[in-house]
Amino acid sequence: VQLQAFGGGLVQAGGSLRLSCAASGRTVSTYVLGWFRQAPGKEREFVAAINWSAAYVNYAESVKGRFTISRDNTKNTMYLQMNSLKPEDTAVYYCAYRQRSYGGTYSTAGEYDLWGQGTQVTVSS
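Let me sum up the structure you'll find in this document. (Residues numbered from 1 in each chain as written. Predicted model: local features only at pLDDT ≥ 70, side-chain atom pairs only at ≥ 80, totals over all residues. Heavy atoms only, no water.)

**Focus on the state of the cysteines**
Going through the model one piece at a time under the given rule, you end up with 1 disulfide. Here Cys21 is linked by a disulfide to Cys95, with a sulfur-sulfur distance of 2.2 Å. Looking down the S-S bond of the Cys21 and Cys95 bridge, the torsion is 70°, so its handedness is right-handed. Residue Cys21 is found in strand S3 (residues 17-24), and its partner Cys95 is found in strand S9 (residues 91-98); the two are separated by 74 residues along the sequence. The same class applies to Cys21 and to Cys95, which are both buried. (Disulfide = S-S within 2.5 Å. Helix = DSSP H or I, 4+ residues; strand = E, 2+ residues; numbered from the N terminus. Buried < 20%, exposed > 50% of the residue type's maximum accessible area, 1.4 Å probe, protein only.)

**Structural notes on the pairing of strand S8 (residues 77-82)**
Of all 6 residues in S8, 5 are buried; the element is thus mostly enclosed. When S3 meets S8, the two strands line up antiparallel, connected through 6 bridges. Residue pairing across strands places Arg18 opposite Gln81, the latter belonging to S8. Where strand S7 (residues 67-72) hands over to S8, the hairpin turn is made up of 4 residues, of which Asn76 adopts a positive phi near 50°. (Pairing = 2+ DSSP bridges.)

**Some details on the nonpolar core**
Of all hydrophobic cores here, the largest spans 36 residues; its most connected members are Trp35, Leu80, Met82 and Tyr93. Counting residues per element, the ones that place at least two in this core are strand S1 (2-6), S3, strand S4 (32-38), strand S5 (45-50), S7, S8, S9 and strand S11 (119-124). Aside from chain neighbours lying at most four places away, what touches Met82 is Gly15, Ser16, Leu17, Leu19, Arg66, Phe67, Tyr93 and Val121. (Core = buried A, V, L, I, M, F, W, Y, C linked by side-chain atoms within 4.5 Å. Contact = heavy atoms within 4.5 Å.)

What follows is the structure, encoded as structure tokens:
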């Protein structure tokens, strides 16, 4: 399985961006997808996660109400709609794949099996 994230860019504070993450290869039907981000000099942090059916989604407190995670299983693609962006959202955003769901929160990097290459999001003030 390979992941490719795209859709990052430069946006002014208050603006919006939509990130996409496409999974290719031999995915399994129950895989979980997540978004993480890493700002310069900081540790990678959880942003959002979604299970196969989208019945379970989880968000970091810092993005609740502003970001929306979704997926299209017919396209093996996950999305992150980011609204009301703030300068502190500036980071490289990574998508992550977990082969099997297990009822966890999927909010830690160690819960994922592989990662995409990241896409830069820069929010100017």
